[in-house]
Amino acid sequence: MKYARLLIGLIVILVAVWIIVGEQMSGASADAVVNAPVVTVRSDVAGTLDMPDRSYGARVAQGEVLATVTDGLVDTIRLNDLILEHELAKAEAARLSADIDATQTVRTELVDRSETFRDERLAELRTRLDHARIRLALLDDGDFPDDADQRLIDGLADLQGRVPGEPLVDALVLDHARERVEVLEIALNAAEAGVFLGDGYNDSPNAAQRATELDTVISGQQSALAAAQARIGAIQARIDRERVRVNALRGGEMSAPVNGLYWEVLQADGVTVQRGDPILRLVNCDRVMVTLSVTERIYNDLRIGQAATFRLEGQSEVFDATVARLAGSGAATVYDHLAVAPSQKHLERFDVMLQVPGLATDPEAGCLIGQTGRAFFDRRPLDWLRG
């Protein structure tokens, strides 16, 4: 019994020593800090800054308005010139349209006059042809009053084409009558086809000729109107682009580029800022990480992508992590764009960065910038109890 108690005591002592040595010898870090990149919001234009009061550390959502910058002295000369050019082009198009309407009105009147002339000319030729045929029939039959003979001859005396001094014998009078009928038939057929004979050198009335000329004029005016309308469209497109440029130069709202925390204000409300001036800084809570330092012995055993664990100080929950960066000793420059800078003691050790996805998704632990904890790289004897 005595030896059994001694054996049990020896086993307890050995287990205790194993636990102490295992806990102390396991790879761990004592200065792990929750960290995140800092995003600097800069002014897009020069102007007056209007930034509402906001408490430090306040949550901001991506797209939330942080401040506004307005420039009341933006140059609009080019935009005004384009607007004037656009108005002049519209006036030119309106003038061309009015000219086309007026020309078409004149052409319509000329066409109406030409149609009236054609109808009346056809009626005249038909009437003359009818009477010429009657006279020819009377001469062919020889059946007309004696006193009409002289009147008929007198009526034929002015026949076109008669040679001066040509005797008016019966055969010649009959030939002239036939000629007149044939000439009138030719003139009537030509007139019905739209060609008017017997009017000197014109084959159509002056109104029809003028209407044809106006068709060419209208065609040219319509081409000029189409060119003017295309010019108006081109100028309008240039105006739209210039307005976009001017509106951008006038300034506007500056929105949060990330989900994060209101971290640092770099300009005062109401001051005049230039394009590219930094306005404020936000902590990017979507890219939370853990920065820490370890001893040289532990550092030399670490590899990129190696699994690790992280536990916030005072909490029991353990987060899975992955080694994302091994920056070595004195790695001060890698912290230039991070929220929490390293201490001098930290820089004397070897820098390590962990990616901890669970921190960003945890509603309680997410974006606890500056919160400390411990990181572990080996299995420890009491992990089962911590779990």
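Quick caveat: nothing in here was measured; it's all calculated off a predicted structure.

## Focus: the packing of aromatic side chains
Phase 1 of the analysis: Inspection of every chain in the model, using the stated rule, returns two aromatic pairs.
Phase 2 of the analysis: Their ring planes at 45 degrees and their centres at 6.3 Å tell us that Tyr 56 and Tyr 262 sit as a pair that is tilted. Of this pair, Tyr 56 sits in the loop between β3 (47-50) and β4 (59-60) while Tyr 262 sits in strand β7 (residues 260-265), placing them 206 residues apart in sequence.
Phase 3 of the analysis: Looking at Tyr 56, the relative accessible area reads 57%, which means it is exposed.
Phase 4 of the analysis: The ring of Tyr 262 carries the charged tip of Arg 54 above its face, separated from the ring centre by 5.4 Å.

## Some remarks on the pattern of salt bridges
Phase 1 of the analysis: With the rule as written, the count across this model stands at nine salt bridges.
Phase 2 of the analysis: Salt-bridge contacts for Arg 95 lead to Asp 99; the nearest nitrogen and oxygen are separated by 2.8 Å. In this pair, Arg 95 and Asp 99 are both assigned in helix α2 (residues 77-141), four residues apart and thus about one turn of the helix distant.
Phase 3 of the analysis: By relative accessible area, which is 40% here, Arg 95 ends up partly exposed.
Phase 4 of the analysis: In this structure, Asp 215 and Arg 107 form a salt bridge, with 2.2 Å as the shortest nitrogen-oxygen distance.

## Describing a negative patch on the surface
Phase 1 of the analysis: Residues Glu 109, Asp 112, Glu 115, Asp 119 and Glu 120 make up a contiguous surface patch of negative charge.
Phase 2 of the analysis: Looking at where Asp 112 falls in the secondary structure, it is placed in helix α2.

Rules behind the numbers
- Residues numbered from 1 in each chain as written.
- Predicted model: local features only at pLDDT ≥ 70, side-chain atom pairs only at ≥ 80, totals over all residues.
- Heavy atoms only, no water.
- Phe/Tyr/Trp six-rings, centres within 6.5 Å; stacked < 30°, edge-to-face > 60°.
- Helix = DSSP H or I, 4+ residues; strand = E, 2+ residues; numbered from the N terminus.
- Buried < 20%, exposed > 50% of the residue type's maximum accessible area, 1.4 Å probe, protein only.
- Lys NZ or Arg CZ within 6 Å of the ring centre and 35° of its normal.
- Salt bridge = Lys/Arg side-chain N within 4 Å of Asp/Glu carboxyl O.
- Patch = residues over 30% accessible without salt bridge, like charges linked within 9 Å, V, L, I, M, F, W, Y side chains within 5 Å.
- Areas by Shrake-Rupley, 256 points an atom, 1.4 Å probe, with all protein chains shown as cover.
- Lys, Arg positive; Asp, Glu negative; His and termini not counted.
- Charge placed at Lys NZ, Arg CZ, Asp CG, Glu CD.

Interpretation in functional terms is not warranted from these geometric data alone.
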